[in-house]
There are 2 protein chains.
Amino acid sequence: MTDREKLSIIKIGGNVLDDAANLKAFLQRFACVEGKKVLVHGGGKIASRMGEKLGFEAKYVDGRRITDDETMDLVTMVYGGLVNKQVVSALQAMGCNAVGLTGADANIMPATKRPVKTIDYGWAGDIDAAAVDAKMLKSFLDIGLTPVFAPLTHDTMGHMLNTNADTIASSLALALSAFFEVHLMYCFEKKGVLQSVEDENSVVRRIDRPTFDAMKATGALHSGILPKIENALLAIEKGVARVIIGHADDLLENLTEDVLGTIIE
Amino acid sequence: MTDREKLSIIKIGGNVLDDAANLKAFLQRFACVEGKKVLVHGGGKIASRMGEKLGFEAKYVDGRRITDDETMDLVTMVYGGLVNKQVVSALQAMGCNAVGLTGADANIMPATKRPVKTIDYGWAGDIDAAAVDAKMLKSFLDIGLTPVFAPLTHDTMGHMLNTNADTIASSLALALSAFFEVHLMYCFEKKGVLQSVEDENSVVRRIDRPTFDAMKATGALHSGILPKIENALLAIEKGVARVIIGHADDLLENLTEDVLGTIIE
(Lines give C-alpha, C1' and ligand atoms only; values in the text may rest on other atoms or scores of the structure.)
Protein backbone atom coordinates (compact mmCIF):
# COMPACT_ATOMS: atom_id res chain seq x y z
CA MET A 1 0.00 0.00 0.00
CA THR A 2 3.01 2.33 0.43
CA ASP A 3 3.51 2.89 -3.29
CA ARG A 4 0.11 4.44 -3.85
CA GLU A 5 0.05 7.78 -5.61
CA LYS A 6 -0.38 10.82 -3.40
CA LEU A 7 -3.66 12.77 -3.53
CA SER A 8 -4.16 16.08 -1.72
CA ILE A 9 -7.69 16.94 -0.58
CA ILE A 10 -7.90 20.52 0.62
CA LYS A 11 -10.90 22.11 2.30
CA ILE A 12 -11.35 25.88 2.56
CA GLY A 13 -13.97 27.64 4.61
CA GLY A 14 -15.68 30.99 4.70
CA ASN A 15 -12.68 32.98 5.95
CA VAL A 16 -10.84 32.32 2.69
CA LEU A 17 -13.92 32.70 0.47
CA ASP A 18 -15.21 35.96 1.91
CA ASP A 19 -12.23 38.07 0.87
CA ALA A 20 -11.45 38.29 -2.86
CA ALA A 21 -7.73 38.99 -2.34
CA ASN A 22 -7.41 36.14 0.20
CA LEU A 23 -9.20 33.78 -2.14
CA LYS A 24 -7.02 34.68 -5.11
CA ALA A 25 -3.84 34.21 -3.06
CA PHE A 26 -5.09 30.85 -1.81
CA LEU A 27 -6.08 29.64 -5.27
CA GLN A 28 -2.66 30.60 -6.63
CA ARG A 29 -1.06 28.41 -3.97
CA PHE A 30 -3.56 25.64 -4.61
CA ALA A 31 -2.92 25.73 -8.36
CA CYS A 32 0.78 25.13 -7.62
CA VAL A 33 0.21 22.07 -5.41
CA GLU A 34 1.86 19.22 -7.30
CA GLY A 35 0.15 15.97 -8.18
CA LYS A 36 -3.48 15.01 -8.08
CA LYS A 37 -5.70 17.18 -5.92
CA VAL A 38 -9.28 17.95 -4.93
CA LEU A 39 -10.68 21.21 -3.52
CA VAL A 40 -13.72 21.35 -1.25
CA HIS A 41 -15.16 24.77 -0.52
CA GLY A 42 -17.62 25.86 2.12
CA GLY A 43 -20.13 28.63 1.81
CA GLY A 44 -19.01 31.91 3.28
CA LYS A 45 -21.05 34.95 4.13
CA ILE A 46 -22.22 35.62 0.58
CA ALA A 47 -25.13 33.17 0.93
CA SER A 48 -26.42 35.05 3.99
CA ARG A 49 -26.03 38.37 2.18
CA MET A 50 -27.88 37.07 -0.90
CA GLY A 51 -30.53 35.52 1.34
CA GLU A 52 -31.11 38.87 3.06
CA LYS A 53 -31.37 40.66 -0.29
CA LEU A 54 -33.87 38.06 -1.47
CA GLY A 55 -35.90 38.55 1.70
CA PHE A 56 -35.34 34.93 2.76
CA GLU A 57 -35.52 34.60 6.51
CA ALA A 58 -32.79 32.46 8.07
CA LYS A 59 -34.36 29.87 10.36
CA TYR A 60 -32.65 28.42 13.42
CA VAL A 61 -33.66 25.79 15.95
CA ASP A 62 -31.49 25.53 19.07
CA GLY A 63 -28.91 27.75 17.38
CA ARG A 64 -28.64 25.48 14.33
CA ARG A 65 -29.53 26.66 10.86
CA ILE A 66 -32.45 24.82 9.26
CA THR A 67 -32.38 24.17 5.51
CA ASP A 68 -35.93 24.97 4.42
CA ASP A 69 -36.97 25.13 0.74
CA GLU A 70 -35.86 28.74 0.29
CA THR A 71 -32.51 28.11 1.96
CA MET A 72 -31.92 25.03 -0.17
CA ASP A 73 -32.52 27.07 -3.36
CA LEU A 74 -30.26 29.79 -1.97
CA VAL A 75 -27.30 27.51 -1.22
CA THR A 76 -27.75 25.64 -4.50
CA MET A 77 -27.49 28.98 -6.32
CA VAL A 78 -24.73 30.53 -4.28
CA TYR A 79 -22.52 27.55 -3.40
CA GLY A 80 -23.20 25.42 -6.48
CA GLY A 81 -23.35 28.33 -8.93
CA LEU A 82 -21.70 31.58 -7.94
CA VAL A 83 -18.92 30.43 -5.59
CA ASN A 84 -18.16 27.17 -7.41
CA LYS A 85 -17.91 28.68 -10.88
CA GLN A 86 -15.90 31.68 -9.68
CA VAL A 87 -13.39 29.29 -8.10
CA VAL A 88 -13.33 27.07 -11.22
CA SER A 89 -12.83 29.97 -13.65
CA ALA A 90 -10.13 31.49 -11.41
CA LEU A 91 -8.27 28.15 -11.26
CA GLN A 92 -8.57 27.74 -15.04
CA ALA A 93 -6.87 31.13 -15.45
CA MET A 94 -4.04 29.79 -13.25
CA GLY A 95 -3.52 26.73 -15.44
CA CYS A 96 -5.34 24.29 -13.15
CA ASN A 97 -7.91 22.21 -15.05
CA ALA A 98 -10.71 22.45 -12.50
CA VAL A 99 -14.16 20.91 -12.82
CA GLY A 100 -16.91 22.09 -10.48
CA LEU A 101 -19.02 19.37 -8.89
CA THR A 102 -21.68 18.70 -6.31
CA GLY A 103 -22.50 15.29 -4.90
CA ALA A 104 -25.33 15.04 -7.46
CA ASP A 105 -23.00 15.39 -10.44
CA ALA A 106 -22.06 11.96 -11.77
CA ASN A 107 -23.82 10.70 -8.63
CA ILE A 108 -20.50 10.99 -6.80
CA MET A 109 -21.94 11.58 -3.35
CA PRO A 110 -25.43 10.22 -2.77
CA ALA A 111 -26.67 11.23 0.67
CA THR A 112 -29.60 10.77 3.01
CA LYS A 113 -31.88 13.53 4.18
CA ARG A 114 -31.21 13.74 7.90
CA PRO A 115 -33.96 11.84 9.75
CA VAL A 116 -36.19 13.95 11.95
CA LYS A 117 -35.62 13.16 15.63
CA THR A 118 -35.97 16.07 18.03
CA ILE A 119 -35.09 18.60 15.32
CA ASP A 120 -36.13 18.71 11.66
CA TYR A 121 -33.04 20.06 9.92
CA GLY A 122 -34.88 20.27 6.59
CA TRP A 123 -32.82 19.52 3.45
CA ALA A 124 -29.65 18.60 5.34
CA GLY A 125 -27.80 15.64 3.84
CA ASP A 126 -25.69 13.05 5.63
CA ILE A 127 -23.12 11.18 3.54
CA ASP A 128 -22.20 7.55 3.86
CA ALA A 129 -18.52 7.47 2.85
CA ALA A 130 -19.01 3.91 1.55
CA ALA A 131 -21.50 5.27 -1.01
CA VAL A 132 -19.05 7.79 -2.50
CA ASP A 133 -18.19 6.80 -6.09
CA ALA A 134 -14.41 6.91 -5.69
CA LYS A 135 -13.92 5.10 -8.99
CA MET A 136 -15.74 7.86 -10.89
CA LEU A 137 -13.67 10.49 -9.10
CA LYS A 138 -10.51 8.56 -9.95
CA SER A 139 -11.57 8.68 -13.63
CA PHE A 140 -11.77 12.48 -13.39
CA LEU A 141 -8.36 12.67 -11.71
CA ASP A 142 -6.85 10.26 -14.24
CA ILE A 143 -7.82 12.50 -17.18
CA GLY A 144 -6.02 15.41 -15.55
CA LEU A 145 -8.96 17.15 -13.87
CA THR A 146 -9.03 18.79 -10.45
CA PRO A 147 -12.49 18.36 -8.90
CA VAL A 148 -13.80 21.39 -6.99
CA PHE A 149 -16.68 20.45 -4.68
CA ALA A 150 -19.46 22.71 -3.47
CA PRO A 151 -20.96 21.66 -0.10
CA LEU A 152 -24.00 20.06 -1.72
CA THR A 153 -25.15 16.48 -2.19
CA HIS A 154 -28.42 14.91 -3.35
CA ASP A 155 -30.89 12.35 -2.06
CA THR A 156 -30.97 10.31 -5.35
CA MET A 157 -34.71 11.00 -5.46
CA GLY A 158 -34.45 14.32 -7.23
CA HIS A 159 -33.61 16.71 -4.44
CA MET A 160 -30.42 18.58 -3.64
CA LEU A 161 -29.18 18.51 -0.03
CA ASN A 162 -27.10 20.91 2.04
CA THR A 163 -24.03 19.15 3.44
CA ASN A 164 -21.23 20.29 5.71
CA ALA A 165 -18.02 20.90 3.74
CA ASP A 166 -15.78 19.34 6.44
CA THR A 167 -17.82 16.14 6.18
CA ILE A 168 -17.64 16.18 2.38
CA ALA A 169 -13.85 16.49 2.60
CA SER A 170 -13.46 13.63 5.08
CA SER A 171 -15.93 11.39 3.17
CA LEU A 172 -13.98 11.98 -0.06
CA ALA A 173 -10.72 11.30 1.78
CA LEU A 174 -11.99 8.01 3.19
CA ALA A 175 -13.39 6.81 -0.13
CA LEU A 176 -10.34 7.85 -2.18
CA SER A 177 -7.99 6.11 0.25
CA ALA A 178 -8.96 2.94 -1.65
CA PHE A 179 -6.85 4.23 -4.55
CA PHE A 180 -4.52 6.92 -3.21
CA GLU A 181 -2.30 7.93 -0.31
CA VAL A 182 -4.65 10.71 0.77
CA HIS A 183 -3.38 13.86 2.48
CA LEU A 184 -6.36 15.77 3.86
CA MET A 185 -5.92 19.42 4.79
CA TYR A 186 -8.49 21.49 6.65
CA CYS A 187 -7.74 25.19 6.14
CA PHE A 188 -9.41 27.51 8.61
CA GLU A 189 -8.83 30.91 10.21
CA LYS A 190 -6.42 29.69 12.93
CA LYS A 191 -2.87 28.40 12.62
CA GLY A 192 -3.98 25.02 13.92
CA VAL A 193 -5.60 23.52 16.99
CA LEU A 194 -4.73 25.94 19.78
CA GLN A 195 -3.64 24.91 23.26
CA SER A 196 -5.07 28.20 24.47
CA VAL A 197 -7.72 30.04 22.45
CA GLU A 198 -6.29 33.38 23.61
CA ASP A 199 -2.84 32.60 22.20
CA GLU A 200 -2.87 32.43 18.38
CA ASN A 201 0.59 30.85 18.43
CA SER A 202 -0.12 28.05 20.91
CA VAL A 203 -0.55 25.52 18.11
CA VAL A 204 -0.66 21.88 19.21
CA ARG A 205 1.67 20.22 16.70
CA ARG A 206 0.41 16.66 16.93
CA ILE A 207 -2.85 15.14 18.15
CA ASP A 208 -3.63 11.47 18.38
CA ARG A 209 -6.64 9.80 20.00
CA PRO A 210 -5.16 9.68 23.56
CA THR A 211 -4.03 13.35 23.34
CA PHE A 212 -7.49 14.32 22.09
CA ASP A 213 -9.25 12.45 24.88
CA ALA A 214 -6.95 14.05 27.48
CA MET A 215 -7.47 17.55 26.03
CA LYS A 216 -11.22 17.04 25.93
CA ALA A 217 -11.21 15.89 29.55
CA THR A 218 -9.40 19.03 30.73
CA GLY A 219 -11.74 21.26 28.68
CA ALA A 220 -8.70 22.74 26.92
CA LEU A 221 -10.29 22.65 23.48
CA HIS A 222 -12.70 25.18 22.06
CA SER A 223 -16.03 23.42 21.46
CA GLY A 224 -16.10 24.50 17.79
CA ILE A 225 -12.97 22.52 16.99
CA LEU A 226 -14.15 19.24 18.53
CA PRO A 227 -16.13 17.90 15.52
CA LYS A 228 -13.29 18.87 13.18
CA ILE A 229 -10.75 16.86 15.22
CA GLU A 230 -13.19 13.99 15.68
CA ASN A 231 -13.71 13.89 11.89
CA ALA A 232 -9.96 13.98 11.35
CA LEU A 233 -9.20 11.18 13.83
CA LEU A 234 -11.87 8.99 12.25
CA ALA A 235 -10.32 9.63 8.84
CA ILE A 236 -6.88 8.56 10.10
CA GLU A 237 -8.30 5.49 11.83
CA LYS A 238 -10.01 4.48 8.57
CA GLY A 239 -6.98 4.70 6.30
CA VAL A 240 -6.39 8.34 5.33
CA ALA A 241 -2.61 8.80 5.31
CA ARG A 242 -2.41 12.24 6.86
CA VAL A 243 -4.74 14.94 8.18
CA ILE A 244 -3.57 18.48 8.92
CA ILE A 245 -5.57 21.35 10.39
CA GLY A 246 -4.23 24.87 9.97
CA HIS A 247 -4.21 28.20 8.20
CA ALA A 248 -4.39 28.28 4.40
CA ASP A 249 -1.32 30.55 4.24
CA ASP A 250 0.78 27.98 6.10
CA LEU A 251 -0.52 24.65 4.83
CA LEU A 252 0.10 25.08 1.12
CA GLU A 253 3.54 26.67 1.34
CA ASN A 254 5.81 23.72 1.95
CA LEU A 255 3.84 20.60 1.40
CA THR A 256 6.89 18.41 1.03
CA GLU A 257 8.59 19.62 4.20
CA ASP A 258 7.35 19.61 7.72
CA VAL A 259 4.21 21.69 7.60
CA LEU A 260 2.92 24.22 10.06
CA GLY A 261 -0.45 23.49 11.61
CA THR A 262 -1.72 20.55 13.64
CA ILE A 263 -1.03 17.05 12.40
CA ILE A 264 -3.67 14.49 13.34
CA GLU A 265 -2.23 11.03 13.67
CA MET B 1 -17.47 8.03 -41.39
CA THR B 2 -20.84 6.29 -41.63
CA ASP B 3 -20.13 3.87 -38.80
CA ARG B 4 -19.63 6.54 -36.17
CA GLU B 5 -21.61 6.16 -32.97
CA LYS B 6 -24.73 8.29 -32.68
CA LEU B 7 -24.78 11.19 -30.20
CA SER B 8 -27.92 13.21 -29.44
CA ILE B 9 -27.47 16.84 -28.40
CA ILE B 10 -30.73 18.31 -27.16
CA LYS B 11 -31.33 21.94 -26.31
CA ILE B 12 -34.25 23.10 -24.20
CA GLY B 13 -35.30 26.68 -23.64
CA GLY B 14 -37.25 28.69 -21.15
CA ASN B 15 -40.66 27.33 -22.11
CA VAL B 16 -39.70 23.89 -20.82
CA LEU B 17 -37.77 25.16 -17.79
CA ASP B 18 -40.38 27.59 -16.49
CA ASP B 19 -43.00 24.97 -15.70
CA ALA B 20 -42.09 22.26 -13.18
CA ALA B 21 -44.53 19.68 -14.61
CA ASN B 22 -43.36 20.38 -18.18
CA LEU B 23 -39.74 20.07 -17.14
CA LYS B 24 -40.31 16.78 -15.33
CA ALA B 25 -42.15 15.31 -18.31
CA PHE B 26 -39.37 16.46 -20.65
CA LEU B 27 -36.61 15.07 -18.43
CA GLN B 28 -38.37 11.72 -18.23
CA ARG B 29 -38.38 11.56 -22.02
CA PHE B 30 -34.77 12.74 -22.16
CA ALA B 31 -33.67 10.10 -19.63
CA CYS B 32 -35.14 7.45 -21.95
CA VAL B 33 -33.26 8.62 -25.07
CA GLU B 34 -30.98 5.72 -25.95
CA GLY B 35 -27.27 6.02 -26.48
CA LYS B 36 -24.89 8.85 -25.70
CA LYS B 37 -26.49 12.24 -25.16
CA VAL B 38 -25.90 15.82 -24.05
CA LEU B 39 -28.45 18.29 -22.70
CA VAL B 40 -28.07 22.06 -23.06
CA HIS B 41 -30.47 24.22 -21.09
CA GLY B 42 -31.28 27.88 -21.43
CA GLY B 43 -32.24 30.22 -18.66
CA GLY B 44 -35.95 30.70 -18.27
CA LYS B 45 -37.83 33.36 -16.38
CA ILE B 46 -36.46 32.40 -12.97
CA ALA B 47 -33.32 34.51 -13.47
CA SER B 48 -35.44 37.61 -14.12
CA ARG B 49 -37.58 36.82 -11.07
CA MET B 50 -34.51 36.36 -8.85
CA GLY B 51 -32.96 39.51 -10.32
CA GLU B 52 -36.06 41.52 -9.44
CA LYS B 53 -36.09 40.14 -5.90
CA LEU B 54 -32.40 41.05 -5.54
CA GLY B 55 -33.13 44.56 -6.77
CA PHE B 56 -30.89 44.09 -9.82
CA GLU B 57 -32.02 46.29 -12.68
CA ALA B 58 -32.10 44.60 -16.10
CA LYS B 59 -30.22 46.72 -18.61
CA TYR B 60 -31.01 46.82 -22.32
CA VAL B 61 -29.42 48.63 -25.25
CA ASP B 62 -31.41 48.60 -28.50
CA GLY B 63 -33.66 45.93 -27.03
CA ARG B 64 -30.79 43.59 -26.21
CA ARG B 65 -29.96 42.55 -22.67
CA ILE B 66 -26.56 43.69 -21.42
CA THR B 67 -24.61 41.39 -19.09
CA ASP B 68 -23.23 43.77 -16.46
CA ASP B 69 -21.46 42.55 -13.29
CA GLU B 70 -24.70 42.03 -11.35
CA THR B 71 -26.34 40.18 -14.23
CA MET B 72 -23.29 37.94 -14.65
CA ASP B 73 -23.44 36.98 -10.96
CA LEU B 74 -27.18 36.41 -11.30
CA VAL B 75 -26.96 34.06 -14.29
CA THR B 76 -23.96 32.23 -12.79
CA MET B 77 -26.06 31.57 -9.68
CA VAL B 78 -29.34 30.78 -11.35
CA TYR B 79 -28.29 28.97 -14.55
CA GLY B 80 -25.04 27.42 -13.25
CA GLY B 81 -26.37 26.65 -9.76
CA LEU B 82 -30.11 26.44 -9.28
CA VAL B 83 -31.35 25.35 -12.73
CA ASN B 84 -28.38 23.15 -13.57
CA LYS B 85 -28.35 21.23 -10.27
CA GLN B 86 -32.13 20.81 -10.23
CA VAL B 87 -31.93 19.28 -13.71
CA VAL B 88 -28.98 17.08 -12.73
CA SER B 89 -30.58 15.79 -9.52
CA ALA B 90 -33.88 15.16 -11.34
CA LEU B 91 -32.08 13.17 -14.06
CA GLN B 92 -30.16 11.19 -11.44
CA ALA B 93 -33.49 10.18 -9.88
CA MET B 94 -34.54 8.93 -13.33
CA GLY B 95 -31.45 6.73 -13.67
CA CYS B 96 -29.57 9.06 -16.02
CA ASN B 97 -26.01 9.68 -14.82
CA ALA B 98 -25.94 13.43 -15.44
CA VAL B 99 -23.02 15.76 -14.74
CA GLY B 100 -23.64 19.51 -14.70
CA LEU B 101 -21.13 21.62 -16.57
CA THR B 102 -20.41 25.13 -17.79
CA GLY B 103 -17.84 26.00 -20.44
CA ALA B 104 -15.38 26.79 -17.62
CA ASP B 105 -15.54 23.28 -16.16
CA ALA B 106 -12.68 21.16 -17.49
CA ASN B 107 -12.10 24.16 -19.81
CA ILE B 108 -14.52 22.56 -22.28
CA MET B 109 -15.70 25.79 -23.87
CA PRO B 110 -13.26 28.68 -23.72
CA ALA B 111 -14.87 31.80 -25.16
CA THR B 112 -14.10 35.40 -25.97
CA LYS B 113 -15.77 38.40 -24.35
CA ARG B 114 -17.68 40.01 -27.20
CA PRO B 115 -15.64 42.93 -28.55
CA VAL B 116 -17.21 46.36 -28.08
CA LYS B 117 -18.26 47.83 -31.41
CA THR B 118 -21.39 49.97 -31.38
CA ILE B 119 -22.75 48.16 -28.31
CA ASP B 120 -20.94 46.96 -25.19
CA TYR B 121 -22.73 43.71 -24.35
CA GLY B 122 -20.77 43.34 -21.10
CA TRP B 123 -19.86 39.79 -20.06
CA ALA B 124 -21.28 38.13 -23.18
CA GLY B 125 -19.15 35.28 -24.50
CA ASP B 126 -18.70 34.15 -28.11
CA ILE B 127 -17.53 30.57 -28.64
CA ASP B 128 -15.14 29.39 -31.31
CA ALA B 129 -16.34 25.84 -32.06
CA ALA B 130 -12.74 24.88 -32.92
CA ALA B 131 -11.73 25.66 -29.33
CA VAL B 132 -14.27 23.28 -27.76
CA ASP B 133 -12.48 20.38 -26.05
CA ALA B 134 -14.40 17.59 -27.76
CA LYS B 135 -11.89 15.00 -26.57
CA MET B 136 -12.56 15.87 -22.92
CA LEU B 137 -16.30 15.68 -23.55
CA LYS B 138 -15.83 12.32 -25.24
CA SER B 139 -14.02 11.10 -22.09
CA PHE B 140 -17.09 12.06 -20.04
CA LEU B 141 -19.43 10.31 -22.49
CA ASP B 142 -17.18 7.24 -22.60
CA ILE B 143 -17.39 6.74 -18.81
CA GLY B 144 -21.17 6.73 -19.05
CA LEU B 145 -21.91 10.33 -18.14
CA THR B 146 -24.54 12.61 -19.66
CA PRO B 147 -23.24 16.20 -19.69
CA VAL B 148 -25.83 18.87 -18.84
CA PHE B 149 -24.68 22.33 -19.92
CA ALA B 150 -25.74 25.65 -18.44
CA PRO B 151 -25.52 28.59 -20.90
CA LEU B 152 -22.24 29.83 -19.45
CA THR B 153 -18.66 29.87 -20.70
CA HIS B 154 -15.47 31.57 -19.47
CA ASP B 155 -12.80 33.85 -20.90
CA THR B 156 -9.85 31.70 -19.64
CA MET B 157 -8.70 34.77 -17.71
CA GLY B 158 -10.80 34.11 -14.63
CA HIS B 159 -14.19 35.45 -15.63
CA MET B 160 -17.43 33.67 -16.40
CA LEU B 161 -19.33 34.70 -19.54
CA ASN B 162 -23.01 34.62 -20.47
CA THR B 163 -23.51 32.64 -23.70
CA ASN B 164 -26.56 31.87 -25.79
CA ALA B 165 -27.72 28.27 -25.27
CA ASP B 166 -28.51 27.73 -28.98
CA THR B 167 -24.92 28.68 -29.81
CA ILE B 168 -23.56 26.37 -27.10
CA ALA B 169 -25.60 23.50 -28.57
CA SER B 170 -24.42 24.10 -32.14
CA SER B 171 -20.78 24.61 -31.06
CA LEU B 172 -20.86 21.33 -29.14
CA ALA B 173 -22.49 19.62 -32.14
CA LEU B 174 -19.81 20.87 -34.53
CA ALA B 175 -16.94 19.91 -32.24
CA LEU B 176 -18.35 16.48 -31.37
CA SER B 177 -18.94 15.65 -35.03
CA ALA B 178 -15.23 14.81 -35.07
CA PHE B 179 -16.09 11.68 -33.06
CA PHE B 180 -19.81 11.06 -33.41
CA GLU B 181 -22.73 11.08 -35.80
CA VAL B 182 -24.36 14.06 -34.11
CA HIS B 183 -28.12 14.57 -34.05
CA LEU B 184 -28.85 18.08 -32.80
CA MET B 185 -32.35 18.90 -31.58
CA TYR B 186 -33.59 22.37 -30.75
CA CYS B 187 -36.69 22.13 -28.60
CA PHE B 188 -38.77 25.28 -28.43
CA GLU B 189 -42.38 26.34 -27.91
CA LYS B 190 -43.54 25.72 -31.52
CA LYS B 191 -43.96 22.47 -33.40
CA GLY B 192 -41.25 23.52 -35.82
CA VAL B 193 -40.52 26.30 -38.25
CA LEU B 194 -43.94 27.63 -39.24
CA GLN B 195 -44.95 28.54 -42.80
CA SER B 196 -47.42 30.95 -41.25
CA VAL B 197 -46.93 32.26 -37.70
CA GLU B 198 -50.71 32.36 -37.22
CA ASP B 199 -51.07 28.64 -37.98
CA GLU B 200 -49.44 26.45 -35.32
CA ASN B 201 -49.74 23.43 -37.59
CA SER B 202 -48.13 24.93 -40.70
CA VAL B 203 -44.83 23.23 -39.93
CA VAL B 204 -42.27 23.31 -42.73
CA ARG B 205 -41.01 19.72 -42.77
CA ARG B 206 -37.64 20.25 -44.45
CA ILE B 207 -35.44 23.30 -44.92
CA ASP B 208 -32.22 23.40 -46.87
CA ARG B 209 -30.16 26.45 -47.83
CA PRO B 210 -32.11 27.29 -51.05
CA THR B 211 -35.48 26.89 -49.26
CA PHE B 212 -34.22 29.12 -46.46
CA ASP B 213 -33.02 31.80 -48.87
CA ALA B 214 -36.33 31.71 -50.73
CA MET B 215 -38.36 31.91 -47.49
CA LYS B 216 -36.22 34.77 -46.24
CA ALA B 217 -36.70 36.65 -49.53
CA THR B 218 -40.51 36.41 -49.33
CA GLY B 219 -40.49 37.50 -45.66
CA ALA B 220 -42.35 34.32 -44.74
CA LEU B 221 -40.23 33.62 -41.67
CA HIS B 222 -40.64 35.18 -38.23
CA SER B 223 -37.49 37.22 -37.49
CA GLY B 224 -36.89 35.37 -34.20
CA ILE B 225 -36.41 32.04 -35.96
CA LEU B 226 -33.83 33.31 -38.49
CA PRO B 227 -30.69 32.96 -36.28
CA LYS B 228 -31.85 29.49 -35.15
CA ILE B 229 -32.16 28.27 -38.74
CA GLU B 230 -28.92 29.99 -39.77
CA ASN B 231 -27.14 28.23 -36.87
CA ALA B 232 -28.70 24.92 -37.89
CA LEU B 233 -27.74 25.24 -41.57
CA LEU B 234 -24.15 26.11 -40.62
CA ALA B 235 -24.06 23.03 -38.38
CA ILE B 236 -25.22 20.79 -41.23
CA GLU B 237 -22.78 22.37 -43.66
CA LYS B 238 -19.93 21.72 -41.21
CA GLY B 239 -20.60 18.04 -40.61
CA VAL B 240 -23.42 17.65 -38.08
CA ALA B 241 -25.48 14.68 -39.27
CA ARG B 242 -28.96 15.99 -38.54
CA VAL B 243 -30.59 19.08 -37.04
CA ILE B 244 -34.25 19.19 -36.05
CA ILE B 245 -36.21 22.14 -34.71
CA GLY B 246 -39.49 21.43 -32.93
CA HIS B 247 -41.49 20.99 -29.77
CA ALA B 248 -40.01 18.99 -26.88
CA ASP B 249 -43.15 16.83 -26.70
CA ASP B 250 -42.74 15.76 -30.32
CA LEU B 251 -38.98 15.51 -30.77
CA LEU B 252 -38.18 12.98 -28.09
CA GLU B 253 -41.08 10.62 -28.71
CA ASN B 254 -39.98 8.63 -31.72
CA LEU B 255 -36.36 9.38 -32.31
CA THR B 256 -35.83 6.35 -34.48
CA GLU B 257 -38.79 6.97 -36.77
CA ASP B 258 -39.61 9.96 -38.85
CA VAL B 259 -39.84 12.77 -36.36
CA LEU B 260 -42.24 15.66 -36.18
CA GLY B 261 -40.73 19.12 -36.39
CA THR B 262 -38.56 20.77 -39.02
CA ILE B 263 -35.57 18.88 -40.38
CA ILE B 264 -32.69 21.09 -41.48
CA GLU B 265 -30.66 19.54 -44.25
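Quick notes on the rules
Residues numbered from 1 in each chain as written. Chains lettered and ligands numbered in written order. Predicted model: local features only at pLDDT ≥ 70, side-chain atom pairs only at ≥ 80, totals over all residues. pLDDT = per-residue confidence, 0-100. Contact = placed C-beta atoms within 7 Å. Helix = DSSP H or I, 4+ residues; strand = E, 2+ residues; numbered from the N terminus. Buried ≥ 20, exposed ≤ 12 C-beta atoms within 10 Å, placed from the backbone. Pairing = 2+ DSSP bridges. Least-squares fit on C-alpha atoms with pLDDT ≥ 70 in both.

## Side note on the confidence of the model for chain A
Summarising the model, chain A shows a mean pLDDT of 91, and 97% of its residues fall at 70 or more. Overall fold confidence for the complex sits at a pTM of 0.95, while the interface term, ipTM, reaches 0.94.

## Observations concerning the interface of chain B and chain A
Quoted interface sizes are often the accessible area lost when the parts come together. In this assembly, 34 residues from chain B lie in contact with 34 residues from chain A. Listing elements by their share of the side of chain B that touches chain A, those giving two or more residues are helix H4 (69-93), strand E5 (98-101) and strand E9 (152-154) of chain B. With 13 residues, H4 of chain B is the single largest residue contributor to the side of chain B that touches chain A.

## A look at the pairing of strand E2 (residues 36-41) of chain B
Successive side chains on a regular strand alternate, one facing one side of the sheet and the next facing the other. All names here are of chain B. The buried count for E2 comes to six of six residues, which makes it a mostly enclosed element. Of the two faces of E2, both are covered, the one formed by Lys-36, Val-38 and Val-40 as well as the one formed by Lys-37, Leu-39 and His-41. Alignment of strand E1 (residues 6-12) against E2, held across six bridges, turns out to be parallel. Bridging from a neighbouring strand, Ile-9 pairs with Val-38 of E2. In this sheet, strand E8 (residues 146-149) lies alongside E2 in parallel orientation, the contact comprising two bridges. Across the sheet, Leu-39 pairs through a bridge with Val-148, a residue of E8.

## Some points on the sheet that holds E1 of chain B
Residues and elements named next belong to chain B. Taken in spatial order, the eight strands make up an open sheet running E5-E8-E2-E1-E11-E13-E14-E12, and their pairing is mixed. Edge positions in the sheet fall to E5 and strand E12 (206-207), since each has one partner strand and no second. Judged from the seven bridges that link them, E1 and strand E11 (residues 181-188) form a sheet pairing that is parallel. Bridging across to E11, Ser-8 finds its partner in His-183.

## Remarks on the relation of the copies chain B and chain A
It takes a turn of 180 degrees to lay chain B on chain A, together with a shift of 0.0 Å along the axis; the resulting RMSD is 0.0 Å. The two molecules are tied by a two-fold rotation axis, judged by turn and shift. Looking at the rotation axis and the C-alpha trace of chain B, the residue lying nearest is Gly-81 of chain B, at 1.8 Å. Both copies contact each other with a shared surface, as 100% of the interface residues of chain B are interface residues in chain A too.

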